[in-house]
Number of protein chains: 2
Amino acid sequence: MRIAVTGADGFVGRAVVRELAARGIADVLLTDRAFATPPPFEALPGELADPAVFARVIGVDAVLHLAALPGAAAEADPAASRAVNLDLPLWLIEGMAGRRLILASSIAVFGGRLAAPVDDATVPTPTSVYGTHKRMTELAFADAARRGAVKGMALRLPGIVARPRGAGGFGSAFLSDLFHAAREDEAYVVPVAPEATSWLLSARAVVRMLVDALLSGTTEGDAITLPARHVRIGALVEALGRIGDTGGFTYAEDTGLRAVFGSYPPLATPRADALGFRADVDLDALIEAAFDD
Amino acid sequence: MRIAVTGADGFVGRAVVRELAARGIADVLLTDRAFATPPPFEALPGELADPAVFARVIGVDAVLHLAALPGAAAEADPAASRAVNLDLPLWLIEGMAGRRLILASSIAVFGGRLAAPVDDATVPTPTSVYGTHKRMTELAFADAARRGAVKGMALRLPGIVARPRGAGGFGSAFLSDLFHAAREDEAYVVPVAPEATSWLLSARAVVRMLVDALLSGTTEGDAITLPARHVRIGALVEALGRIGDTGGFTYAEDTGLRAVFGSYPPLATPRADALGFRADVDLDALIEAAFDD
C-alpha cells in the first residue's frame, strides 16, 4: 500500500513520519511547501494546490491530510483559509474516490458554546473561520462516505503538545510554550487562570491514532472526536515542576484566550474508544510524550 | 437600491418577480440560464458561474440567490451539486462583502433523522448531497455574518407548492403533482400513505418572506427555518376535493419517498415568527395560494 502525507514537515507531520518509519512502512510520499531536513521517505516539496503536486498525492492508496492554515491565521485571512482548509480537502475527497483518506479535523468545530460534558452526541456549532471550514469539510466527508465514494475517517484533534516555540498562527501556542519554559527553567506568564481547562494530547499519542486510522480498513462517515486528557492548567503547571523549575511561573488571564482555549468541559469519546484510540494515560505520561522528538 | 435575483426564471423566481413588481420595486436585475418569456425587469441570461454574469450580479446592493440544483439531481451528480449548490453561494458570500445577500437554503439540511418536534434548536445532520451542500453554505454564511463580512439571511425553504408538473430533479414532485391532478379531475396514485406528513408553503407565502427578507435591514447569521403548514397528506387530499374531483386518488406507498418527504414531525419556528414570517393560515389558504400564477 502506497501512502501520502500532506503537511509532512509540520509538527504533527514530522511525528507521523517518525511513527511510519518506526512501524517499518516503506512506500510513502511526503509533501509540504518545503522540508527543513531531508526526510526518510520520498519528499515532494510544493504547493498542494499545484495540479502537478496534487495529481501525485492522489495517485496513492491512502492519504493522510494534515496540511492546514491554523486558527489564528485563518481568522486573519478567511479567503486563504477557504483555499487551504476547505477547497483542498474537498478536492482530496473527490480525488481519492474509492480509496482511503484520513482528514485531520479539529475540536475547533465545537466553537465557544460548549455545554458540559462533550460527547459523541454533541453537534458542532463553530464560531471561527477555522472551525467553520473544518466543519464544512467534515460534512462533505460524511456525505461522500455515506455514498461509498471515499473510505477513511475525519479525526478531530485536540490541542497537541508540545509544538515548537514560536509556531505561527496558533492562538493555542501558550499551551505548548509552558512546556518549553518549564524544561528550560524560565519565568513564564501563563495567560489563563489555574482553573482553566483544556483538552490535550501528546504528539506521540496523536500520531499513533492517525497512523492506526490510516492503516486500518475502517470507514466512519461522521467525524470522530479523539480522546484527550482534560487538563486543569494549574495541575499541568504543578506536574511540569517535575521536569524543570516552574517557580518563575505567574498567571495573568487573557479572557479571550480563556474563552477559546481554557474553558473545555469534561470529554467523553466512546466512538474513538471503541476504535482503540487512547489518550495519554495521565499528566506525567502526557508531559513525557510531549517531547517525543 | 438595486437588486439582483438568481434563478429568476424558476418556479420560485417567477413568483418573486411578480411580488417585486407588485410592490413597485423597479431597479432589478434578473439572471437565469434562459428566460421562457421576457420578464418585466432587466434580464441577464447565462451561467452564473460565467465571470461576466457573476460580476454583474454582485454589482448590486442586494442579491436574492435562488439558483440551485435540486435534491434528486444533486444526488445523481455530486460534482455538479458542489459547483452549483456550494461553490456559487460561497463566491456570492465573498463577492457581496459589505452588502446584502439572501440565500435560499432548505429543510433538506435536517436529513432523515428528525426527532419530534423540530424547532430552532434542532441542529441539522444532513443525509443527502443537496442537504450537505446547503448546510455547508449555511455554515459559511453564518461565519461571514459573524465577522461582519456580509449582511442578510439564509432562509430554509420547506416544500413549495404547487411547482409546475414535470419539474425536473425534485424527489418531492408528487407533493405538487397532486394539486394539479385534483384541479384537473384526474386519477392520481399518491406515493405515500394518508398518514404521511410534510411541511408545505404556497409559492405566494414563501415569496412574501423572501422579498421581506431582501428589503429588510435585518442580518441573521444562523439560518432561519421558515414557518410552514404541517400537513397530513390524507387531510390535504380531502381539502383538495374542494377544487376538483379527487375520487380517482388512490394510495400506494413508496417507502423511500415516505422516509424523505412524508415523515415530518411538528415544526416550531420562533425565530422566523419573530421576524414576521407567516405560513399560509390553513389548508384552504395553502391550496388557494398554491396556484398564484
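Since this is a predicted model, take the numbers as computed values, not measurements. (Residues numbered from 1 in each chain as written. Chains lettered and ligands numbered in written order. Predicted model: local features only at pLDDT ≥ 70, side-chain atom pairs only at ≥ 80, totals over all residues. Heavy atoms only, no water.)

**Comments concerning the domain arrangement of chain A**
Residue and element names in this part refer to chain A. Per the domain assignment, the segments making up chain A are domain 1 (3-158 + 202-225) and domain 2 (160-199 + 229-264 + 282-290). Once you take the C-alpha centre of each, domain 1 and domain 2 turn out to be 25 Å apart. Facing the 17 residues of domain 1 at the interface are 15 residues of domain 2. Taken together, both faces of the contact between domain 1 and domain 2 bury some 1,300 Å²; the carbon and sulfur share is 70%. Among the ionic pairs, Glu 288 bridges to Arg 204, the shortest N-O distance being 3.2 Å. Our count for the domain 1 to domain 2 interface comes out at 3 residue pairs in polar contact (both at pLDDT 80 or more). Listed by contribution, the elements that provide at least two residues to the side of domain 1 that touches domain 2 are α1 (11-22), α3 (71-76) and α7 (203-215). Classifying every residue of the side of domain 1 that touches domain 2 gives 13 nonpolar, 2 polar and 2 charged. (Domains from an automatic or database assignment. Contact = heavy atoms within 4.5 Å. Buried area = accessible area lost by both parts, 1.4 Å probe. Salt bridge = Lys/Arg side-chain N within 4 Å of Asp/Glu carboxyl O. Polar contact = N/O pair within 3.5 Å; in protein donor to acceptor, adjacent residues only side chain to side chain. Helix = DSSP H or I, 4+ residues; strand = E, 2+ residues; numbered from the N terminus. Nonpolar A, V, L, I, M, F, W, Y, C, P; charged D, E, K, R; others polar.)

**Focus on the nonpolar core**
Ile 93 and Leu 101 of chain A together with Ile 93 and Leu 101 of chain B are the most contacted members of the largest nonpolar core, which totals 54 residues. For this core, the elements supplying multiple residues, two or more each, are α2 (51-57), α4 (78-95), β5 (100-106) and α5 (129-146) of chain A together with α2 (51-57), α4 (78-95), β5 (100-106) and α5 (129-146) of chain B. In contact with Ile 93 of chain A, not counting residues within four places along its chain, are Leu 101, Leu 103, Thr 137, Ala 140, Phe 141, Ala 144 and Val 150 of chain A. (Core = buried A, V, L, I, M, F, W, Y, C linked by side-chain atoms within 4.5 Å. Buried < 20%, exposed > 50% of the residue type's maximum accessible area, 1.4 Å probe, protein only.)

**A word on the packing of aromatic side chains**
Tallied over the entire structure, the rule returns 8 aromatic pairs over all chains. Relative to Phe 291 of chain B, the ring of Phe 179 of chain B has its centre 6.2 Å away and its plane inclined at 65°; by these criteria the two rings are edge-to-face. Of this pair, Phe 179 of chain B sits in helix α6 (residues 173-183) while Phe 291 of chain B is found in the segment after α11 (283-290), placing the two residues 112 residues apart along the sequence. Comparing Phe 179 of chain B with Phe 291 of chain B shows no difference in burial state: the two are buried. With a centroid separation of 5.6 Å and an interplanar angle of 45°, the aromatic rings of Tyr 188 of chain B and Phe 249 of chain B are classed as tilted. Residue Tyr 188 of chain B is located in strand β8 (residues 188-190), and its partner Phe 249 of chain B is located in strand β12 (residues 249-251); the two are separated by 61 residues in the primary sequence. Each member of the pair, Tyr 188 of chain B as well as Phe 249 of chain B, carries the same accessibility label: buried. Through a chain of ring-to-ring contacts, three or more aromatic side chains come together here, namely Phe 110, Trp 199 and Tyr 264 of chain A. (Phe/Tyr/Trp six-rings, centres within 6.5 Å; stacked < 30°, edge-to-face > 60°.)

**Structural notes on the environment of Asp 177 of chain A**
Residues and elements named next belong to chain A. Checked against the element boundaries, Asp 177 lands in helix α6 (residues 173-183). C-alpha separation for the pair Asp 177 and Arg 146, spaced 31 residues apart in sequence, amounts to 40 Å. Excluding its chain neighbours within four sequence positions, the residues that come into contact with Asp 177 are Arg 165, Gly 166 and Tyr 188.

**Section: the pairing of strand β6 (residues 151-157) of chain B**
Residues and elements named next belong to chain B. Extensive coverage of β6 is indicated by the burial of 6 of its 7 residues. Examined bridge by bridge, β5 and β6 share 7 bridges and lie parallel to one another. Considered in β6, the bridge of Ala 104 is made with Leu 155. In this structure, β6 lies alongside strand β10 (residues 224-225), joined through 2 bridges in parallel fashion. Residue pairing for β10: Leu 155 is matched across the bridge by Ile 224. (Pairing = 2+ DSSP bridges.)

**Quick look at the packing of helix α8 (residues 233-240) of chain A against helix α11 (residues 283-290) of chain A**
Residues and elements named next belong to chain A. Viewed as axis vectors pointing N to C, α8 and α11 meet at an angle of 65°, and their least axial separation amounts to 10 Å. The interaxial crossing formed by α8 with α11 has right-handed handedness. Touching Ala 235, Leu 236, Ala 239 and Leu 240 of α8 are Leu 283, Asp 284 and Ile 287, all from α11. Looking at the contact of α8 with α11, its residues break down into 6 nonpolar, no polar and 1 charged. (Axes fitted to C-alpha atoms, helices over the stretch in contact; angles between N-to-C directions. Left-handed = near helix turned anticlockwise from the far one by under 90°.)

**Considering the relation of the copies chain B and chain A**
For the match of chain B to chain A, the screw axis carries a shift of 0.0 Å, the RMSD comes to 0.0 Å, and the turn is 180°. Taken together, the rotation angle and the small translation identify this as a two-fold axis. When C-alpha positions in chain B are compared against the rotation axis, the closest is assigned to Met 136 of chain B, at 2.5 Å. Interface overlap between copies: 100% of the residues of chain B at the interface are likewise at the interface in chain A, consistent with a symmetric, same-surface contact. (Least-squares fit on C-alpha atoms with pLDDT ≥ 70 in both.)

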